[in-house]
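Single-letter residue listing:
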Amino acid sequence: PVGAEPGPAQVRDVNATTVAATVEAAEGDALLLGIVLDDAALLAARAMAALAQADALVVSAGSSVSHRDVTAAVVERLGRPGILAHGLAIRPGKPTIVAMCDGKPVIGLPGNPASAVVVAWRIVRPLVRRLGGERNPAAGADGSFDAVLTADVPSRPGREEYVPCRLEAGAAEPRATPIFGESNLIFTLVRSDGWAIVPLDRSGLHAGERARIVAR
């Protein structure tokens, strides 16, 4: 938990706080149900209890392809039709699970903090708004805008990439300075104001080029 002192090989649970804040910002009510060990039976019991009282379920971590990752197997058993997609063409956030279980959406977020918060903003937030009654929450609901990049942003085609950046106002138009770092480092998030989006058909963006920015 966030308030606990980490022991050996432990980190604080950042994702529960950031995802809950994303849900609340989308006018939803977040029910924090605590940490579950990497045990399929324990996770299944907690997930079923959650779906019994909530309109949707968001699980963080355990969604990759390691033999220790049990989230996908558990989600597949929560209801029909089950998993609709396991893996998205975005970075960070590729190991995301998207499922529908007996009429209720289930999202499995990656465990890395930056990956989790990117997917929470791009999938969980519009999902909550849609559940709240918005007819087309994806259209204009992300608060995105254009800004001029101050440095090159390398990427690979075939995935939509989100690069943390600092925003500078006061010029003729906003400027965005990329912040490069691994997706498991929360300081990358702390130092950023939002993300610059590299479209999936581009091999990067150049300094001086306009990029679409999603502000936090």
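The structure we're discussing is the one just above.
For clarity, every value in this text was computed on a predicted model and none was experimentally measured. (Residues numbered from 1 in each chain as written. Predicted model: local features only at pLDDT ≥ 70, side-chain atom pairs only at ≥ 80, totals over all residues. Heavy atoms only, no water.)

Draft legend 1. Structural view of the pattern of salt bridges. Summed over all chains, the structure comprises seven salt bridges. A salt bridge links Glu209 to Arg202, with the nearest nitrogen and oxygen atoms 3.0 Å apart. In this structure Arg202 comes out as partly exposed when scored by relative accessible area, which is 27%. Taken together, the shared-partner salt bridges in this structure form one network comprising Arg91, Arg159 and Glu161. (Salt bridge = Lys/Arg side-chain N within 4 Å of Asp/Glu carboxyl O. Buried < 20%, exposed > 50% of the residue type's maximum accessible area, 1.4 Å probe, protein only.)

Draft legend 2. Geometry of the sheet that holds strand β1 (residues 57-60). Here we have four strands laid out as an open sheet, ordered β1-β5-β4-β2, and mixed in their pairing. What marks the edges here is a single partner per strand, and that holds for β1 and β2 (81-86). For this sheet the average axis-to-axis angle between neighbouring strands, irrespective of direction, equals 15°. In this sheet, strand β5 (residues 104-109) lies alongside β1 in parallel orientation, the contact comprising four bridges. Among the inter-strand pairings, Val59 is bridged to a residue of β5, identified as Gly108. Here helix α2 (residues 40-53) sits on the sheet in contact with β1 and β5, set at roughly 150° to β1. (Pairing = 2+ DSSP bridges. Helix = DSSP H or I, 4+ residues; strand = E, 2+ residues; numbered from the N terminus. Axes fitted to C-alpha atoms, helices over the stretch in contact; angles between N-to-C directions. Contact = heavy atoms within 4.5 Å.)

Draft legend 3. Broad picture of the packing of helix α1 (residues 14-25) against helix α4 (residues 113-131). Where α1 meets α4, the closest approach of the two axes is 9 Å, and the angle between their N-to-C directions is 25°. Looking at the two axes, α1 sits roughly parallel to α4. For the crossing formed where α1 meets α4, the hand is right-handed. Residue-level contacts link Asn15, Val19, Thr22, Val23 and Ala25 of α1 to Pro113, Ala116, Ala120, Trp121, Val124, Arg125, Val128 and Arg129 of α4. Residues of the contact of α1 with α4, tallied by class, amount to nine nonpolar, two polar and two charged. (Parallel < 35°, antiparallel > 145°, perpendicular 65-115°, else oblique. Left-handed = near helix turned anticlockwise from the far one by under 90°. Nonpolar A, V, L, I, M, F, W, Y, C, P; charged D, E, K, R; others polar.)

Draft legend 4. Focus on α2. Over its 14 residues, α2 extends 20 Å from the first C-alpha to the last, a length consistent with the 20 Å expected when each residue adds 1.5 Å. Turning to α2, its buried residues are Leu43, Ala44, Ala47, Ala50 and Leu51. End-on, the buried residues of α2 take up no more than an arc of 130°, which puts them together on one face. Away from its buried face, by an angle of more than 90 degrees, α2 presents the exposed residues Ala41, Met48, Ala52 and Gln53. (Expected span 1.5 Å × (residues − 1). Arc of directions from axis to C-beta.)

Draft legend 5. Spatial organisation of a nonpolar patch on the surface. Taken together, the side chains of Ile186, Phe187 and Val190 define a hydrophobic patch exposed on the protein surface, amounting to about 300 Å² of accessible area. In this fold, Ile186 is placed in helix α5 (residues 186-190). (Patch = residues over 30% accessible without salt bridge, like charges linked within 9 Å, V, L, I, M, F, W, Y side chains within 5 Å. Areas by Shrake-Rupley, 256 points an atom, 1.4 Å probe, with all protein chains shown as cover.)

Draft legend 6. Layout of α4. A bend of about 45° at Ala120 is the largest found in α4. When you tally the buried positions in α4, you get 15 out of 19 residues, the bulk of the element. (Bend = angle between axes of the 7 residues up to and from the residue.)

Draft legend 7. Here's a closer look at the side chain of Ser192. Examined against the element boundaries, Ser192 turns out to sit in the loop between α5 and β10 (194-198). Given a relative accessible area of 2%, Ser192 falls into the buried group. A distance of 3.0 Å separates the side chain of Ser192 from the backbone oxygen of Leu189, its partner in a polar contact. (Polar contact = N/O pair within 3.5 Å; in protein donor to acceptor, adjacent residues only side chain to side chain.)

Draft legend 8. How the structure looks around the packing of aromatic side chains. Counted by the stated rule, this structure contains one aromatic pair. Note on Trp121 and Trp195: the rings are 6.0 Å apart at their centroids and 65° apart in plane angle, and the pair reads as edge-to-face. With Trp121 in helix α4 and Trp195 in strand β10, this pair connects stretches of sequence that are 74 residues apart. With respect to class, Trp121 is no different from Trp195; both count as buried. (Phe/Tyr/Trp six-rings, centres within 6.5 Å; stacked < 30°, edge-to-face > 60°.)

Draft legend 9. View of the nonpolar core. Of all hydrophobic cores here, the largest spans 21 residues; its most connected members are Leu109, Val124, Tyr162 and Trp195. Those elements giving two or more residues to this core turn out to be α1, β5, α4 and β10. It is α4 that provides the largest number of residues to this core, a total of 10 residues. Grouped together as the second largest cluster of nonpolar side chains are 16 residues, Leu51, Val74, Leu78 and Val106 included. (Core = buried A, V, L, I, M, F, W, Y, C linked by side-chain atoms within 4.5 Å.)

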